[in-house]
Amino acid sequence: MSDSQDQIKIVQVFTRYQRTIQAYAYAIVHDMHLAEDVTQEVAIVLATEWQSVAEREDLTSWLLEVTRRKALESSRRSGRSAVTLSEEVLEQVGDQFSAQVSTTGTGSEDSAMMAECVGRLVRVSQRVVHARYAESLTCEEIAAQIGRSVQSVYSILKRARLMLVQCFERKRIELSKR
Amino acid sequence: MDSQAQLQLDESIIAYLVGDMDAHALKEFEELLSASEAARHRFAELSVQEVNLHQTLSLIQSSQLFSDGNAATTSDALKIVAKSASAESRRRKFSQRRRALSRRADSNVFVHPLAIAGMAALVLIGVFLFEGRENGLPIRTVVIQPKPPQPDPRYAIRHDLAQHEQTARRELEKREAGQPLAQEQLAQVKKEQLPALQPDNRTALEEMQKREREAEDEFAREASAVDVTQNDARDNNEERQTTEPKTSPPPEIVGEVAFVADANTSAAQVLVRGDDRKVRRMPLSKGLTIRVGDQIETAKAEKAARASEDRPLHATLDLYGVRLNLADETRVLVVANDKLDMSKGQIYADAADFGSYKKNLAIRTPAARIETSGSRFELRCESGQTFLSVASGNVTFANKFGEQNLIAQRTSVAGIGCAPSAPSGVVNGTIWTNGKPNAVTGGAASKAVAGGVANVANRVLAEFLAPAEVLAAAACAYDGSVLWISTTSKPMLYGLDPTTGRLQRTIDLNGIVRLPVGLAWDGSQLWVGDMIARAVCAIDIATGKPIKTIQLNFTPGASMASDRSNLYVSQSISDNAMAFCKIDTTDGHILATLTTPANSLQKLGPGVFVWGLAYVDGVMWRAATNNKSSVLMTLETDGGVKDGSVMDMFQMPDDAPIRNITTDGKGNLWVLISSNPRKLILIPKPQK
């Protein structure tokens, strides 16, 4: 296979796995910037190791294992390992992320549904969700901005997130009925 | 998995993903994930959703819909994005179908050229790094600076203005050589300095002030129709005068009313505004803006409320970085965003503490002045004396006769003509009693149990923070002289003095219990639950040696109680968090499994956790929390604990998530509050 064909293949593979890799990394590092960095590191590993892994049947498992190692490394560097699941549990959970690869599409439909759901949140929840996910602020920073306690920001965030989950489920069901 | 269990699972996953999970909860969550494939599947699903949410909102952020004027509000922007994303989705589907047809025709793989270009760049970087390493070349490390957090524009403006105000003050102080400053002079200097503000901030400030003026005028028109005080005639005259053209800009807005306790009595709680030589009185209402020079007065508590010792909070003010709870009969004058004069009553102040940034706050009372930054404290003015109790942070408490620096859990009193007393430990829970009354925000739980439910605030018998050595306290038990605490951080029991909270002694459980969770005192020995060994172990507190171990067929949770002959042990989240078992301690048999019906807690809203068991005077108590509001519950009895169903519910003050409860053997309850550090309070068992 020529170099250009390899590159196209790598792009295809990576595009397919990108969201799952990022989600798995996020579940370990709890920070979207760090998760993005991990995703890029995995992309580099995939590119450099391509010749040896291209034909692997268990490419998904391999990619998720690389993600886990890179994310744990990143988590330790950032001092967040205390709030991360143990390596054994993360390994178990990884299998379920493999299953997500086939169900994770390009995400435009999901984005539309998610945007609609965010639009239904009350104003303060929208503000907190936006600060957390779009601006990637920590709860401490958000608390200082909106003049509330950190715990109340966590509460607002968790409540909002739960409502988004429920709204998203409903929308998905509606979509499947169409 | 039923819907309640599903909800609890989602709650746990979200708590983990947003990073609000302590070591104990993490341990339970890990167990749950290990045991259930469905839980793992859901975890993966929600993690992917998290990324989706981030990408969606980043899309909104990057499209700058908030700033280019296409969308008036966040909601509008979201609608536009939702619409465009739907259109994009339809277009993509059409494109996919077209590509599928095209593939059938020529079997070529279609990849978007932009995607190829982007990924090719990534691949080249990868190859470069790889080859660089191979050839022994130095690897260049590119450090990408993270985007600095974007502060709230309003906050930035106020911060900017505050800086200018300080400069102006210093300047004037120089000029006047220590003379008191006139507000007009200050306003003038601030006005002069406005051009020095960032242009964006200035425009935003002007727009914001215009909007708020309009909103306030509208409110004033509505408020003028309300019969508020005997000064109506005078006020009406003054209202008419307001139609005259204004010559000076209105005072600076420094905050808003975040909460007013009771709509029926709000007319008696007033805001007195004295701008432009006129005095207006208006009832406090949620959302009402507060300006420099405003005076807020809360009404006297209703007799009925006083009789039941239920002292509701009257109002909460949000002074952009300072949360101020006002009790009844309190009068506060707003001198500036961070300066208040308080002439009577009680307040509980919570000034934002954001690591490098702490909100400054200065309060003057008839007897003393308080200066602090980023702390929480309670202040009471009574009979010419000022009482200060500090909950967190440092507070300077001074008058011209002396000065004291108070740290957390210290209290002091100053009188007119007397220096502040030396700090002493907080006694009888003054902070709790007055500072955190019920229904601060009227959350779901408050609504659910409002009416016919007693309030436990105002009756705290003891209160202290857990010592620094006690990390992640999970459970407590009282043996009559020592309050024992277990933690999930290490296999150790900590014995505290129940009056001072000081650490008296410890028992090392290494080799006896692997992960101690629940605790219960049965009158002669201390029972400790072991989450890893799935057992309960009786410890002789005199020697610290194990007496007996009972193996369980379920994982014990953090809640345990004893009725002196039987042991009650809750099941962990991975089994059934709503259930607890009655165990015969003589032979270890499970006599009954009792379950609190999930639907009895539905009123508390989503994400309710049940923590704590305490057997007091023949009645079993449980606690439930949604991490914001908490309730204490009694369970039905029929000579003993009947079936786990709820008999009565009692609201706890907000922001006091209960972690565990136990009895003191005298009809009172020790409550372990899940704060950081943990707090312990002793309250009489609530009664209707």
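Each value, and the rule that gives it
- Residues numbered from 1 in each chain as written.
- Chains lettered and ligands numbered in written order.
- Predicted model: local features only at pLDDT ≥ 70, side-chain atom pairs only at ≥ 80, totals over all residues.
- Helix = DSSP H or I, 4+ residues; strand = E, 2+ residues; numbered from the N terminus.
- Buried ≥ 20, exposed ≤ 12 C-beta atoms within 10 Å, placed from the backbone.
- Contact = placed C-beta atoms within 7 Å.
- Pairing = 2+ DSSP bridges.
- Axes fitted to C-alpha atoms, helices over the stretch in contact; angles between N-to-C directions.
- Parallel < 35°, antiparallel > 145°, perpendicular 65-115°, else oblique.
- Nonpolar A, V, L, I, M, F, W, Y, C, P; charged D, E, K, R; others polar.
- Core = buried A, V, L, I, M, F, W, Y, C linked by C-beta atoms within 7 Å.
- Expected span 1.5 Å × (residues − 1).
- pLDDT = per-residue confidence, 0-100.

Participant: Please clarify how the overall build of chain A should be interpreted in this entry.
Facilitator: Scanning chain A from terminus to terminus reveals 9 helices and 0 strands. Reading the helices (α) and strands (β) of chain A from amino to carboxyl end gives α-α-α-α-α-α-α-α-α. With 178 residues in all, chain A has 48% of them scored as buried. Within chain A, contacts between residues at least 6 apart in sequence are counted, and of these 66% link residues at least 24 apart.

Participant: So what exactly am I meant to see when it comes to the overall build of chain B here?
Facilitator: When its secondary structure is counted, chain B shows 12 helices and 39 strands. Counting the 688 residues in chain B, one finds 41% classified as buried. Sequence-distant contacts in chain B: of pairs separated by 6 or more residues, those separated by 24 or more amount to 50%.

Participant: So what exactly am I meant to see when it comes to the sheet that holds strand S32 (residues 590-595) of chain B here?
Facilitator: The pairing of strands in a sheet comes from backbone hydrogen bonds and takes either a parallel or an antiparallel form. Residues and elements named next belong to chain B. Pairing is antiparallel in the open sheet, where 4 strands are placed in the order S29-S30-S31-S32. On the outer flanks of this sheet lie strand S29 (556-562) and S32, each paired with one strand and no other. Strand after strand, the sheet turns through a mean of 25 degrees between neighbouring axes, direction not considered. Where strand S31 (residues 579-584) lies against S32, 5 bridges are found, and the strand directions are antiparallel. For Lys582, the partnering residue across the bridge sits in S32 and is Ala592.

Participant: Before we go on, may I ask you to explain the packing of helix H8 (residues 139-146) of chain A against helix H9 (residues 150-177) of chain A in this structure?
Facilitator: In helix packing, the relevant descriptors are the interaxial angle and the interaxial distance, both defined with respect to the helix axes. Residues and elements named next belong to chain A. One way to put it is that H8 packs onto H9 with a least axis distance of 8 Å and a crossing angle of 105 degrees. It follows from the interaxial angle that H8 and H9 lie roughly perpendicular. Listed contacts from H9 to Cys139, Glu140, Ile142 and Ala143 of H8 are Val150, Val153, Tyr154 and Leu157. Within the contact of H8 with H9, the residues separate by chemical class into 7 nonpolar, no polar and 1 charged.

Participant: How should I be thinking about the sheet that holds strand S27 (residues 535-539) of chain B in this particular structure?
Facilitator: Residues and elements named next belong to chain B. Within the open sheet, the 4 strands sit side by side as S25-S26-S27-S28. Their pairing is antiparallel. Pairing within the sheet leaves two strands with one partner each, and these edge strands are strand S25 (516-521) and strand S28 (546-551). Across the sheet, the mean angle separating the axes of adjacent strands is 20 degrees when strand polarity is ignored. Here strand S26 (residues 526-530) pairs with S27 via 5 bridges, running antiparallel. Looking at S27, one finds that Asp530 is bridged to Ala535.

Participant: It is not clear to me how the nonpolar core should be interpreted in this structure. Could you clarify?
Facilitator: Side chains of nonpolar character tend, in soluble globular proteins, to be buried together. In this structure, Cys476, Leu519 and Met560 of chain B are the most contacted members of the largest nonpolar core, which totals 74 residues. Not counting the four nearest positions on each side in its chain, Met560 of chain B is found in contact with Ala475, Gly518, Leu519, Ala520, Trp527, Gly529, Leu567, Tyr568, Val569, Ser570 and Leu613 of chain B. In this structure, Val38 and Phe97 of chain A together with Ile13 and Ile14 of chain B belong to the second largest nonpolar core, which totals 73 residues.

Participant: Help me out: how do you make sense of the packing of helix H7 (residues 123-133) of chain A against H9 of chain A in this one?
Facilitator: Residues and elements named next belong to chain A. The interhelical angle for the contact between H7 and H9, taken along N-to-C directions, is 95 degrees, at an axis separation of 9 Å. It follows from the interaxial angle that H7 and H9 lie roughly perpendicular. Along the contact surface, H7 presents Val124, Ser125, Val128, Val129 and Arg132, while H9 presents Val153, Ile156, Leu157, Arg159 and Ala160. Residues that form the contact of H7 with H9 fall into these classes: 7 nonpolar, 1 polar and 2 charged.

Participant: Please explain unusual backbone geometry as it appears in this structure.
Facilitator: The bulk of non-glycine residues show a negative phi, and the bulk of peptide bonds are trans. A positive phi angle is found at His30 of chain A, which is not glycine, with a value near 60 degrees. Of note, His30 of chain A is situated in the loop between helix H1 (3-29) and helix H2 (32-48).

Participant: Before we go on, may I ask you to explain the pairing of S29 of chain B in this structure?
Facilitator: Residue and element names in this part refer to chain B. With 7 of 7 residues buried, S29 is to be regarded as a mostly interior element. Where S29 and strand S30 (residues 566-571) come together, 4 bridges link them in antiparallel fashion. Bridge pairing in S30 places Pro556 opposite Gln571. Hairpin connection between S29 and S30: a loop of 3 residues separates the two successive antiparallel strands, and Arg564 in this loop has a positive phi of roughly 85 degrees.

Participant: Explanation requested: H8 of chain A in the structure shown.
Facilitator: Count 3.6 residues to each turn of an α-helix, and residues three or four apart come out pointing the same way. With 7 of its 8 residues buried, H8 of chain A lies for the most part within the structure. Of the positions making up H8 of chain A, those classed as buried are Cys139, Glu141, Ile142, Ala143, Ala144, Gln145 and Ile146 of chain A.

Participant: What exactly am I supposed to notice about the environment of Ser152 of chain A here?
Facilitator: Checked against the element boundaries, Ser152 of chain A lands in helix H9. As for Ser152 of chain A and Cys139 of chain A, which are separated by 13 residues in sequence, their C-alpha atoms are 9.3 Å apart.

Participant: It is not clear to me how the environment of Ser149 of chain A should be interpreted in this structure. Could you clarify?
Facilitator: Residues and elements named next belong to chain A. As for its position among the elements, Ser149 is in the loop between H8 and H9. For Ser149, a count of 16 C-beta atoms within 10 Å corresponds to the partly exposed category. Distance from Ser149 to Cys139, taken between C-alpha atoms, is 9.3 Å for residues 10 residues apart in sequence.

Participant: Is there a simple way to explain the pairing of strand S35 (residues 630-637) of chain B in this structure?
Facilitator: Moving residue by residue along a regular strand, the side chains alternate between the two faces of the sheet. All names here are of chain B. In the sheet, strand S34 (residues 619-625) pairs with S35 via 5 bridges, with the strands oriented antiparallel. Opposite Thr625, over in S35, you have Ser630 as the bridge partner. Note that S35 and strand S36 (residues 641-651) share 6 bridges and pair antiparallel. Residue pairing for S36: Leu635 is matched across the bridge by Val646. Connecting the antiparallel pair S35 and S36 is a turn made up of 3 residues, with Gly639 showing a positive phi of about 95 degrees.

Participant: Looking at this structure, how should I read helix H4 (residues 59-78) of chain A?
Facilitator: Compared with an ideal rise of 1.5 Å per residue, which puts 20 residues at 28 Å, H4 of chain A spans 28 Å between its outermost C-alpha atoms and is within 8% of the ideal. Buried within H4 of chain A we find Thr60, Leu63, Leu64, Thr67, Arg68, Lys70, Ala71, Ser74 and Ser75 of chain A.

Participant: What am I meant to see in the confidence of the model for chain B here?
Facilitator: Caution is warranted with low-pLDDT regions, since their predicted coordinates should not be read in detail. Residues and elements named next belong to chain B. Scored by pLDDT, chain B comes out at a mean of 70, with 59% of its residues at no less than 70. Contacts of residues 222-247 to residues separated by more than four positions or lying in other chains number 21 contacts, the stretch itself having pLDDT below 50. Scored by ipTM, the complex comes to 0.89, with pTM at 0.37.

Participant: Would you mind showing me how to read the environment of Val569 of chain B here?
Facilitator: All names here are of chain B. Looking at the element boundaries, Val569 is found in strand S30. The exposure class of Val569 is buried, given the 28 C-beta atoms found within 10 Å. Val569 sits 14 residues away from Thr555 along the chain, and the two C-alpha atoms are 9.5 Å apart. Not counting the four nearest positions on each side in its chain, Val569 is found in contact with Gly518, Gly529, Val536, Pro556, Met560, Phe580, Cys581 and Ile583.

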